[in-house]
Amino acid sequence: MGVNENVRKPLDRLSAALSAEMEAVNALIRARMSSRHAPRIPEVTAHLIEAGGKRLRPMLTLAAAKLLDYPGEYHIHLAATVEFIHTATLLHDDVVDESQQRRGRPTANLLWDNKSSVLVGDYLFARSFQLMVEPGNLRTLEILANASATIAEGEVLQLTAAQDLRTDEAVYLQVVRGKTAALFSAATEVGGVIAGAPDDQVRALFDYGDALGIAFQMVDDLLDYGGATETIGKNVGDDFRERKLTLPVIKAVAKADGAERAFWSRTIEKGEQREGDLEQALALLARHGAMEAARADALAWAERAKAALQVLPDHPIREMLSDLADFVVSRVA
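Along each chain, residues carry numbers from 1 onward, in the same order as the chain's sequence is written. Local features in this predicted model are restricted to residues of pLDDT 70 or higher, and side-chain atom pairs are both shown and tallied only at a pLDDT of 80 or more, whereas totals for entire chains, interfaces and linings draw on every residue. Excluding hydrogens and water, the side-chain values take into account all heavy atoms of the structure.

- The protein chain is annotated in an unreviewed UniProt entry as Octaprenyl diphosphate synthase from Paracoccus siganidrum.
- UniProt positions are given in the numbering used here, feature names are shortened, and annotations may be inferred rather than shown by experiment. Looking at the Cofactor (unreviewed entry) heading of the UniProt record, one finds this comment for the protein chain: "Mg(2+)".

## So, the overall build of the protein chain
Right, so step 1: Per the convention used, a helix needs a DSSP run of H or I reaching at least four residues, while a strand needs a run of E reaching at least two, with both numbered from the N terminus. Scanning the protein chain from N- to C-terminus turns up 17 helices and 2 strands.
Right, so step 2: A compact globule built from 333 residues would reach a C-alpha radius of gyration of about 20 Å, and the protein chain, at 20 Å, matches this within 12%.
Right, so step 3: Dimensions along the principal axes, computed over C-alpha positions, put the protein chain at roughly 60 × 50 × 35 Å.
Right, so step 4: The rule is simple: take the accessible area with a 1.4 Å probe, protein chains only, and divide by the maximum for that residue type; under 20% is buried, over 50% is exposed, in between is partly exposed. Taking all 333 residues of the protein chain together, the buried fraction comes to 54%.
Right, so step 5: Here, two residues are considered to be in contact whenever any of their heavy atoms come within 4.5 Å of each other. Counted over contacts in the protein chain with a minimum sequence separation of 6, partners at least 24 positions apart contribute 77%. Between the two quantities, the radius of gyration covers C-alpha atoms and the globule rule is 2.2 Å times the number of residues to the power 0.38.

## A short note on empty space enclosed by the protein
Right, so step 1: Buried and open spaces are told apart on a 1 Å grid over the protein atoms alone, a cavity being a set of points where a 1.4 Å probe fits but cannot get out and a pocket being an open set with protein on both sides within 12 Å along at least five of seven lines. Residues with an atom within 4 Å of a point are the lining residues. Grid points are joined across faces, edges and corners, and a volume is the space filled by probe spheres set on the points. Considering all chains together, one arrives at 2 cavities of 30 Å³ or more under this definition.
Right, so step 2: Here the largest cavity is characterised by a volume of approximately 100 Å³.
Right, so step 3: Around the largest cavity sit 13 residues that line it, and Gln-158, Tyr-172, Val-175, Leu-245 and Thr-246 are the ones nearest its centre.
Right, so step 4: Of all the elements in the fold, those that place two or more residues in the lining of the largest cavity are helix H8 (138–161) and helix H9 (169–194).
Right, so step 5: When residues in the lining of the largest cavity are grouped by element, the largest group, 4 residues, is from H9.
Right, so step 6: Gly is placed with the polar residues, together with every amino acid not listed as nonpolar (Ala, Val, Leu, Ile, Met, Phe, Trp, Tyr, Cys and Pro) or charged (Asp, Glu, Lys and Arg). Tallied by class, the residues present in the lining of the largest cavity amount to 7 nonpolar, 3 polar and 3 charged.

## Some points on the side chain of Arg-57
Right, so step 1: Along the chain, Arg-57 turns up in helix H4 (residues 56–67).
Right, so step 2: Think of it this way: Lys and Arg go in the positive column, Asp and Glu in the negative one, and His and the chain ends go nowhere. By convention in these notes, a salt bridge is any Lys or Arg side-chain nitrogen within 4 Å of a carboxyl oxygen on Asp or Glu. No salt bridge is formed by the buried Arg-57; the nearest opposite charge belongs to Glu-83, separated by 6.1 Å.
Right, so step 3: Counting of polar contacts relies on pairs of N or O atoms within 3.5 Å, with two restrictions inside protein: one atom must be capable of donating a hydrogen and the other of accepting it, and residues adjacent in sequence are counted only when both atoms are side-chain atoms. In terms of polar contacts, Arg-57 uses its side chain to reach the side chain of His-86, at 3.3 Å.
Right, so step 4: Excluding anything up to four places from it in sequence, Arg-57 contacts Val-82, His-86, Leu-183, Phe-184, Ala-187 and Phe-216.

## As for the pattern of salt bridges
Right, so step 1: Enumeration according to the criterion identifies 15 salt bridges in this entry.
Right, so step 2: Between Asp-326 and Lys-306 there is a salt bridge whose closest N-O contact spans 3.0 Å. Of this pair, Asp-326 sits in helix H17 (residues 316–330) while Lys-306 sits in helix H16 (residues 290–308); the two residues are 20 residues apart in sequence, bridging distant segments of the chain.
Right, so step 3: One salt-bridge network, in which partners are shared between bridges, spans Glu-169, Lys-251 and Asp-297.

## Topic: the packing of H16 against H17
Right, so step 1: Here an axis means a line fitted to C-alpha atoms, over the contact stretch when the element is a helix, while the angle between two N-to-C directions is reported on a 0 to 180 degree scale. Running from amino to carboxyl end, H16 crosses H17 at an angle of 170°, the nearest separation of the two axes being 9 Å. One way to sum up the angle between H16 and H17 is to call them roughly antiparallel. The segment H16 lies against H17, with Ala-298, Leu-299, Ala-302, Glu-303, Ala-305 and Lys-306 engaging Ser-322, Ala-325, Asp-326 and Val-329.
Right, so step 2: For the contact of H16 with H17, a count of residues per class yields 6 nonpolar, 1 polar and 3 charged. Each angle is binned into one of four classes, with values under 35 degrees roughly parallel, values over 145 roughly antiparallel, values of 65 to 115 roughly perpendicular, and all other values oblique.

## Brief notes about the nonpolar core
Right, so step 1: Residue types Ala, Val, Leu, Ile, Met, Phe, Trp, Tyr and Cys, when buried and joined through side-chain atoms within 4.5 Å, form a set referred to as a nonpolar core. By size, the foremost hydrophobic cluster in this structure holds 102 residues, and its most contacted members are Leu-14, Leu-60, Tyr-208, Leu-212, Trp-264, Leu-321 and Leu-324.
Right, so step 2: With 14 residues, the single largest contributor to this core is helix H10 (residues 199–226).
Right, so step 3: Excluding residues within four positions of it along the chain, Leu-324 makes contact with Pro-10, Leu-11, Leu-14, Leu-56, Leu-60, Tyr-208 and Leu-212.

## Details of the side chain of Ser-185
Right, so step 1: As for its placement among the helices and strands, Ser-185 is situated in helix H9.
Right, so step 2: The buried category is assigned to Ser-185, whose relative accessible area is 5%.
Right, so step 3: Look past the residues within four positions of Ser-185 in its chain and what remains in contact with it is Phe-206, Gly-209 and Asp-210.

## Things to note about H10
Right, so step 1: By definition here, a helix of n residues has an expected span of 1.5 Å times n minus one. Given a rise of 1.5 Å per residue, 28 residues ought to cover 40 Å, and the 40 Å separating the end C-alpha atoms of H10 matches this to within 8%.
Right, so step 2: Within H10, 21 of the 28 residues are buried, leaving the element largely enclosed by the surrounding structure.

## Examining the environment of Arg-55
Right, so step 1: Relative to the elements of secondary structure, Arg-55 occurs in the loop between helix H3 (40–49) and H4.
Right, so step 2: The contacts of Arg-55, once residues within four sequence positions are left out, are Met-22, Asn-26, Ile-29, Ile-49 and Glu-83.
Right, so step 3: Among the polar contacts listed, one links the side chain of Arg-55 to the side chain of Asn-26, at a separation of 3.0 Å.

## A short note on the environment of Leu-144
Right, so step 1: Of note, Leu-144 is situated in helix H8.
Right, so step 2: Ignoring any residue separated from it by four or fewer positions in sequence, one finds Leu-144 in contact with Leu-78, Thr-81, Val-82, Ile-85, Met-132, Ala-186 and Val-190.

## A word on the packing of aromatic side chains
Right, so step 1: Here a pair means two rings of Phe, Tyr or Trp (six-membered ring of Trp) with centres within 6.5 Å. Their orientation is stacked below 30 degrees between planes, edge-to-face above 60, and tilted elsewhere. Enumeration according to the criterion identifies 3 aromatic pairs in this entry.
Right, so step 2: Taking 5.2 Å as the distance between ring centres and 70° as the angle between the ring planes, the aromatic pair formed by Phe-263 and Trp-264 counts as edge-to-face. The exposure classification of Phe-263 matches that of Trp-264, with both residues buried.
Right, so step 3: Taken together, the aromatic side chains of Phe-240, Phe-263 and Trp-264 make up a single cluster linked through ring pairs.
Right, so step 4: When the NZ atom of lysine or the CZ atom of arginine is within 6 Å of a ring's centre and also within 35 degrees of its normal, the charge is said to sit over that ring. When the ring centre of Trp-301 is taken as reference, the NZ or CZ atom of Arg-304 above it lies at 3.9 Å.
Right, so step 5: The ring of Phe-216 is capped by Arg-331, whose NZ or CZ atom sits 4.9 Å from the centre of that ring.

Okay, structure coming up:
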């Protein structure tokens, strides 16, 4: 599995359509990540924020607002809020996972230390709450505050579920909705709310973001077992080495015989991994068609995302958002 270069175009088109707004978001991010008293804060933050990420989540907020012809400027604040929440969770995640690489670069916890990553992440969360109150819209504040709690809840759930072979697809979906889809859906939903959209359109934006986020995470989990390191920004097999029970493994465990289940118990539950175990895991995934089944699930969620857009106004941005759903799953085409 790898990236088809042609599918970068939908994201590039969306980025071009939102270039002026994203420039304003980036300027606001740079201004708010500064600190007069603690220079390490902008150092650590800049390392991650300036690492060349696509800014997908804040773009979703801007896209939703533009799709609904929002004339104001507070979508800029909300988009920056979304990016700060995302960056804070990445800093914390890398500490929890003891990661050494993100987006093809050394992680902040590796370059500095765990304490710096955690505390700077906390600072960014605080900054995000300062930003989210500035529009003076209680509903957007509620959505983003709830999303922040849901993200943390999803990460804690993953701590217990990820190494338990009893974890099924329902629990996996709950984890994914927490740690990934919650911010996608909040990003699109607040764009609709700040634009004053009717409830059915706000719900459609939530449903789009939710489905897109689920598809996105499923693809990420697939790429961990079948992508190129330069494509996914981390080492192939990291989820296996970190003993994360993601969707392909859950599907393989569900079909495992006694010997196979013993293998998964040893490597995932007990963490007793040996040379050649990753190759054995890949062979088991192939034997049971787990990768193909997980890919089919991701494709189905992408279709749900596209279907949710149908109640929204006919607009070039709507087409771009639909193409974006195809882009996400095309990474495993």
